Amino acid sequence: MAPDTNVASPVRRAGAQEAGSALSLPIEGMTCASCVGRVERALAKVPGVTQATVNLATERADLRFAGQADLPAVLAAVDRAGYAVPEGTTELSIEGMTCASCVGRVERALKVVPGVLEASVNLATERALVRHAGGAVDAATLEAAVRRAGYEARRTTLETADARVDREREARERELSSLWRATMLAAVLTVPLFLLEMGSHFVPGVHEWIAASIGMEAAWYLQFGLATLVVFGPGLRFHRKGWPNLLRGGPDMNSLVALGTGAAWIYSTVATFTPSLLPADARNVYYEASAVIVTLILLGRFLEARSKGRTSEAIKRLMGLQAKTARVERGGQAVELPVAEVGAGDIVLVRPGERLPVDGEVLDGASFVDESMVTGEPVPVRKEAGASVVGGTVNKTGSFRFRATAVGADTVLAQIVRMVESAQGSKLPIQAMVDRVTMWFVPAVMAVAALTFAVWLVFGPDPALTFALVNAVAVLIIACPCAMGLATPTSIMVGTGRAAELGVLFRKGEALQTLRDAQIVAVDKTGTLTKGRPELTDLVPAPGFAEAEVLALVAAVEARSEHPVAEAIVEAARQRGLTLSTVEAFEAVPGYGVAATVNGRRVEVGADRYMVRLGHDLATFTEAAARLADDGKTPLYAAVDGRLAAAIAVADPIKETTPAAVEALHRLGLKVAMVTGDNRRTAEAIARRLGIDEVEAEVLPDGKVAVVERLKAGGQRKVAFVGDGINDAPALAAADVGLAIGTGTDIAIESADVVLMSGDLRGVPNAIALSQATMRNIRQNLFWAFAYNTALIPVAAGLLYPVSGVLLSPMLAAAAMGVSSVFVLTNALRLRGFRPPAEAASHHAEPPATHTASAAA
């Protein structure tokens, strides 16, 4: 059917009213008028839809609902009709959040915006990630929704690392500077106020001296002035946010502080200026309490902000690795340019000691480059023509030119930063429980405070009103949920940042929690346990032959072959500096081997059956053949001038770090399974050498998913799969957690939950141990936050008073509240000192003598 370029056909339900919400969505996949009709009919059937209008030219659907728009139902209807609504994500920077209830309020404000599918807000990073129907929501609408909730929002944009670091540092410094000035001003005003009211507790006779010198009435007037300056000066920030949020029906930490300090100040003001309104025995002032509470909470906020700044230092260090300038060839000249002006295809010159500005491919020259910031490996890597280089790494000795292949947001460094930021901003499943609690926590605290006030007013001793006020204020102040809101995100930030420093990138934040529960690690052999390329591992010469002589002759013959085994032998000869002579009369014997004449000498190379066919007795190499078989290797043989000359083994060597990695996994209490296409005898020989617990041998590339499902044992075991190739991608996705070796293919990395930036398998136990440490840290933080509130709210309410006469002063409550947040942040920062277990294991694990494994994959 020919497409109609401008179709709009409203479909209405009988008797539907047009009042209610509206929604406009883009639709993908429509090609003609019948597509329009199909989408409209599907949308009209969604419960609540009163009108559905689809336009082919604009490729949009406009919907009206009788009530609240049901976006998931609309998306499902479009999908069932065979079309799609594209999704988009918007990241916002949120200002003004102080506690977990703020997070919940911002999330709720974003989720009710028509077109939003999901909103996740992180208190530690002060970011919101909003997933929405593409084209249905713009950043301005989301920002307006956040402002209506009482906070400020700004869409984050891609920018250079330097600009990002500078902007965030400036914002953090402004916040710290503002909090420090407010804290110092409040402290300067609070100290004399505190001494006026509480001085007699420290120096006997102070009250008598005040009464005799200026009089108690004048002292109260002075306290009123000082307290007013504190409460409505530095403390004004609490009232500006707290009261509007309270009036909106969404009280937060600021509301609790505003209520507590406001109640103490108002009560004291009434007692000062209109004492007749209060019973005679209740005419007391609590100016010092309101001022001290403001000062202590400001101090807590300052310490909290300083600690929060330290949690993101890993990201700052990563972003600070980018070079500021680059020397680029322009018109035959080397010109120094800002790195932002380097384009793909530019020729960049690098001198010794310089940091590489962008990613690229070496054209000429040679050097060693320190790539530890990407791989975590401290040993510099040699770079010569054809090698890939990564922006942010450091050139050590030589100089070279390279062609820029990725710049700006496309560089490896930029992708690492985005990946770490994504993990840091994500919410773990454990956070869902915290969110449910904090959603009702502040209103519940206010209810407890009101109940406390009522109980003390009715049943308390004289002056009952005073006791009621003091205890209600103590409940409001002690119960601030800052620690709850910071418990999870700060640990995630520090944990994922430390992981990035170790070359472990969590692509999905949930993997940080899931990886902790892994019970068995399944490892693809080729390229993961092994180097992924065959190498000459053994050459045993027969009596009368020199090793170098035989290798030179065999390599000369194998140079004419394209087999991977032949390439390994030739490469070994080149590495030893052997000269390969001219070959004559080359012939390949299918299924047996190859033969040729080298410098007049007849050389034959092949399997044992080829030697038997040529009439050679292999008894000379019986012992060597048995040893190689125990190592899981099948030997080749070489004959020179009709005499058996050597036994040769070519295999895919085990990486030097693999034994230490396997031992580290065992030390963590995990089992290790090897997945390989090798025959079982070879696979089990490798497993014995490495101490691997389970072997899945003779697995075809498309059978790895079935192996993962089998290892899960019907869901009884959590399986982590480690791989690096294209054929590993389905298994990486099927496992509970997929870990991709970063030196592997892009498709494997995209399918994984965790990326190991180097090819070092020790990254696996490091990732698992860090996951365990992070989750342990989160549980400690949550226990402290919840236990603190559970234990101290009853004390603040006066529950111990009938038994022991103990009451919690509002001032002590404010100090305790600040301490709880600082404790949580300090505990999270301990993760910066995490020591990877594989480092310790490497001192215990002795690598196999030849580090070998069969080349079969």
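Residues numbered from 1 in each chain as written. Predicted model: local features only at pLDDT ≥ 70, side-chain atom pairs only at ≥ 80, totals over all residues. Heavy atoms only, no water.

The secondary structure content of the protein amounts to 31 helices and 30 strands. Residue burial in the protein is summarised as follows: out of 857 residues, 54% are buried. Accessible surface for the protein amounts to roughly 36300 Å². Of this, 57% is attributable to carbon and sulfur atoms. (Helix = DSSP H or I, 4+ residues; strand = E, 2+ residues; numbered from the N terminus. Buried < 20%, exposed > 50% of the residue type's maximum accessible area, 1.4 Å probe, protein only. Areas by Shrake-Rupley, 256 points an atom, 1.4 Å probe, with all protein chains shown as cover.)

Further remarks concern the environment of Thr579. As for its position among the elements, Thr579 is in the loop between helix H20 (564–575) and strand E21 (583–589). Put simply, Thr579 and Ala555 are 24 residues apart on the chain and 9.4 Å apart in space, counted from C-alpha to C-alpha.

For any pair of aromatic rings, the description consists of the separation of the ring centres together with the inter-plane angle of the planes. By the definition in use, this model includes 13 aromatic pairs. Taking 6.2 Å as the distance between ring centres and 50° as the angle between the ring planes, the aromatic pair formed by Phe400 and Phe402 counts as tilted. Neither residue differs from the other here; Phe400 and Phe402 are each classed as buried. Cluster of aromatic residues (ring-pair linked, three or more members): Tyr221, Phe224, Phe232, Trp265, Phe273 and Tyr287. (Phe/Tyr/Trp six-rings, centres within 6.5 Å; stacked < 30°, edge-to-face > 60°.)

Before going further, it helps to spend a moment on the sheet that holds strand E30 (residues 754–756). The strand order across the open sheet built from seven strands is E18-E30-E29-E28-E19-E26-E27, with neighbouring strands paired in mixed fashion. Edge positions in the sheet fall to strand E18 (504–506) and strand E27 (694–696), since each of these pairs with one other strand and no more. When the angles between neighbouring strand axes are averaged without regard to direction, this sheet yields 20°. Bridge analysis of strand E28 (residues 719–723) against strand E29 (residues 737–741) gives four bridges, and the strand direction is parallel. Within E29, the position partnered with Ala720 by the bridge is Val737. Of the strands in this sheet, strand E26 (671–675) and E27 are in contact with helix H24 (residues 680–690), which crosses E27 at around 150°. (Pairing = 2+ DSSP bridges. Axes fitted to C-alpha atoms, helices over the stretch in contact; angles between N-to-C directions. Contact = heavy atoms within 4.5 Å.)

Our focus in this paragraph is unusual backbone geometry. Backbone torsion omega between Asp462 and Pro463 reads -5°, so that peptide bond is classified as cis. The topology assignment puts Pro463 in the loop between helix H14 (429–459) and helix H15 (464–478). Of note in the backbone geometry, Ala585 takes a positive phi value of approximately 55° without being a glycine. One can find Ala585 in strand E21. Phi at Asn599 takes a positive value of approximately 55°, unusual for a residue other than glycine. You can see Asn599 is positioned in the loop between strand E22 (593–598) and strand E23 (601–606).

Attention shifts here to the packing of helix H19 (residues 547–558) against H20. H20 packs onto H19 with a crossing angle of 135° between their chain directions and a minimal axis gap of 9 Å. When the interaxial angle is binned, H19 and H20 end up oblique. Of the two elements, H19 crosses H20, and the hand of that crossing is left-handed. Mapping the contact onto sequence places Leu551, Val554, Ala555 and Glu558 in H19 and Ala566, Ile569, Val570, Ala572 and Ala573 in H20. Looking at the contact of H19 with H20 residue by residue, the classes come out as eight nonpolar, no polar and one charged. (Parallel < 35°, antiparallel > 145°, perpendicular 65-115°, else oblique. Left-handed = near helix turned anticlockwise from the far one by under 90°. Nonpolar A, V, L, I, M, F, W, Y, C, P; charged D, E, K, R; others polar.)

In this section: the environment of Ile686. Here Ile686 shows up in helix H24. Taking the relative accessible area as the measure of exposure, Ile686 reaches 0% and is therefore buried. Measuring from C-alpha to C-alpha, the distance between Ile686 and Lys633 comes to 9.5 Å, with 53 residues separating the pair along the chain.

By the definition in use, this model includes 22 salt bridges. Across the pair Arg576 and Glu547 runs a salt bridge whose closest N-O atoms are separated by 2.7 Å. Remark: Glu547 occurs in helix H19 and Arg576 occurs in the loop between H20 and E21; sequence separation between them is 29 residues. Given the relative accessible area of 33%, Glu547 is considered partly exposed. (Salt bridge = Lys/Arg side-chain N within 4 Å of Asp/Glu carboxyl O.)

A few words on the sheet that holds E21. With respect to topology, six strands assemble into an open sheet ordered E20-E25-E24-E23-E22-E21, the strand pairing being antiparallel. The sheet terminates laterally at strand E20 (535–541) and E21, the two strands that pair on one side only. Averaged over all pairs of adjacent strands, the angle between strand axes in this sheet comes to 20°, irrespective of strand direction.

Okay, the packing of H15 against helix H28 (residues 763–797) next. Describing two packed helices takes the angle between their axes plus the distance from one axis to the other. Two elements in contact, H15 and H28, have axes separated by 8 Å at closest approach and are oriented at 165°. Taken together, the axes of H15 and H28 lie roughly antiparallel to each other. The hand of the H15/H28 crossing is right-handed. Here Asn471, Ala474, Val475 and Ile478 of H15 come into contact with H28, specifically with Tyr788, Asn789, Leu792, Ile793, Ala796 and Ala797.

Our next topic: the confidence of the model for the protein. On average, residues of the protein score 79 in pLDDT, and 83% of them reach the 70 mark or higher. Scored below 50 in pLDDT, residues 1–19 makes 47 contacts in the model with residues more than four places away or belonging to other chains. Every residue in residues 840–857 is under pLDDT 50, and counting partners more than four places away or in other chains gives 53 contacts. (pLDDT = per-residue confidence, 0-100.)

All right, on to the UniProt feature "transmembrane region" (unreviewed entry) in the protein then. The feature "transmembrane region" (unreviewed entry), as annotated in UniProt, sits at residues 179–198, 218–236, 256–278, 284–303, 437–459, 465–488, 782–801 and 807–829 in this numbering. Helix makes up 85% of residues 782–801 and strand 0%. Its end C-alpha atoms lie 28 Å apart. (UniProt positions renumbered as here; feature names shortened; annotations may be inferred.)

The next thing to look at is the environment of Arg248. Looking at where Arg248 falls in the secondary structure, it is placed in the loop between helix H8 (236–247) and helix H9 (253–273). Looking at Arg248, the relative accessible area reads 46%, which means it is partly exposed. For the pair formed by Arg248 and Arg148, sequence separation is 100 residues and the distance between their alpha carbons is 9.6 Å. Beyond its immediate stretch of four places on either side in the chain, Arg248 contacts Arg148, Ala149 and Gly150.

A word on the nonpolar core. Ile94, Met97, Leu110, Val521, Leu739 and Val764 are the most contacted members of the largest nonpolar core, which totals 130 residues. No other element matches H28, which puts 15 residues into this core. Not counting chain neighbours up to four residues away, the residues in contact with Met97 comprise Cys102, Val103, Val106, Val121, Asn122, Leu123, Glu126 and Tyr151. Membership of the second largest hydrophobic core comes to 38 residues, among which are Val605, Met611, Ala639 and Val650. (Core = buried A, V, L, I, M, F, W, Y, C linked by side-chain atoms within 4.5 Å.)

Relative to strand E7 (residues 127–133), strand E5 (residues 87–95) runs antiparallel, the two sharing seven bridges. Of the residues in E7, the one forming a bridge with Leu92 is Ala128.

Along the chain, Thr90 falls in strand E5. For Thr90, a relative accessible area of 4% translates into the label buried. At 2.8 Å, the side chain of Thr90 forms a polar contact with the side chain of His132. Each residue touching Thr90, except ones within four places of it in the same chain, is listed here: Ala128, Leu129, Val130, His132, Ala139, Leu142 and Arg155. (Polar contact = N/O pair within 3.5 Å; in protein donor to acceptor, adjacent residues only side chain to side chain.)

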